[in-house]
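Commentary on secondary and tertiary structure
This is what each chain is made of:
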Amino acid sequence: AIEKSLVRADAAFVNGQMTDSRYQNQIARINERAVELAQQRARTVDQLTDEAEHAEQTARFTDVRQHGLVMLPSKDVLTTNAWLRRYIRIYCSDNKIEAIVLL
């Protein structure tokens, strides 16, 4: 739509249907609209990215909730540790847990 607007404005100016000042004003409005659309697109992409990340985190949390109670008491410590590292980070300092982060 922006490209078509530019082509129409150019054609009108070249054909003498638009004065220089009207052409400059029209081009400025078209450029402003292009910036608005680019900003709107960026906001939409950010929102979709946030929603996708949230969905992925929810899926990981669901997996932890569903399988965690089975995995934690398992006698297979290596498998349990590998499973936990996919989902959780535990940060310790001075032999104390500082934070538990769900990835």
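Our subject is the structure listed above.
Residues numbered from 1 in each chain as written. Predicted model: local features only at pLDDT ≥ 70, side-chain atom pairs only at ≥ 80, totals over all residues. Heavy atoms only, no water.

End to end, helix 1 (residues 2-14) covers 18 Å across 13 residues, agreeing with the expected 18 Å (1.5 Å per residue, within 8%). Restricting attention to buried positions, one finds in helix 1 the residues S5, A9 and A12. Taken end-on, helix 1 shows its buried residues confined to a sector of 65 degrees, consistent with a single buried face. Facing away from the buried side of helix 1, by more than 90 degrees, are the exposed residues E3, K4 and V14. (Helix = DSSP H or I, 4+ residues; strand = E, 2+ residues; numbered from the N terminus. Expected span 1.5 Å × (residues − 1). Buried < 20%, exposed > 50% of the residue type's maximum accessible area, 1.4 Å probe, protein only. Arc of directions from axis to C-beta.)

Turning next to the pairing of strand 2 (residues 96-102). The buried fraction of strand 2 is low, at zero of seven residues. Note: strand 1 (residues 88-93) against strand 2, six bridges, orientation antiparallel. Opposite I88, over in strand 2, you have L102 as the bridge partner. (Pairing = 2+ DSSP bridges.)

Right, let's get into the packing of aromatic side chains. Summed over the entire model, instances satisfying the criterion amount to two aromatic pairs. When the centroid spacing of 4.4 Å and the interplanar angle of 20 degrees are considered together, the rings of F13 and Y23 count as stacked. Of the two residues, F13 sits in helix 1 while Y23 sits in helix 2 (residues 20-71), which places them 10 residues apart along the sequence. For F13, a relative accessible area of 31% translates into the label partly exposed. Where W83 meets Y87, the ring centres are 5.2 Å apart and the plane angle is 50 degrees; that geometry is what we call tilted. Here Y87 and W83 lie together in helix 3 (residues 77-87), a separation of four residues that amounts to about one turn. W83 sits in the buried class, given a relative accessible area of 9%. The class of Y87 is buried, set by a relative accessible area of 6%. (Phe/Tyr/Trp six-rings, centres within 6.5 Å; stacked < 30°, edge-to-face > 60°.)

In this structure, A9, A12, M18, Y23, I27 and I30 together form the largest nonpolar core, which totals six residues. Of all elements in the fold, only helix 1 and helix 2 reach the threshold of two or more residues within this core. Counting residues per element, this core draws most heavily on helix 2, at three residues. If sequence neighbours within four positions are ignored, M18 has contacts with A9, A12, F13, Y23 and Q26. The next biggest cluster of nonpolar side chains, apart from the first, holds five residues, and it includes V64, M71, W83 and I88. (Core = buried A, V, L, I, M, F, W, Y, C linked by side-chain atoms within 4.5 Å. Contact = heavy atoms within 4.5 Å.)

Turning next to the packing of helix 1 against helix 2. How two helices pack is summed up by the angle between their axes together with the distance between the axes. Interhelical geometry of helix 1 versus helix 2 gives an angle of 175 degrees and a closest axis separation of 10 Å. By the angle class used here, helix 1 and helix 2 are roughly antiparallel. Seen from helix 1, the contacting residues are I2, S5, L6, A9, D10 and F13; seen from helix 2, they are D20, Y23, Q26, I27, I30, R33, A34 and L37. Across the contact of helix 1 with helix 2, the residue classes tally to nine nonpolar, two polar and three charged. (Axes fitted to C-alpha atoms, helices over the stretch in contact; angles between N-to-C directions. Parallel < 35°, antiparallel > 145°, perpendicular 65-115°, else oblique. Nonpolar A, V, L, I, M, F, W, Y, C, P; charged D, E, K, R; others polar.)

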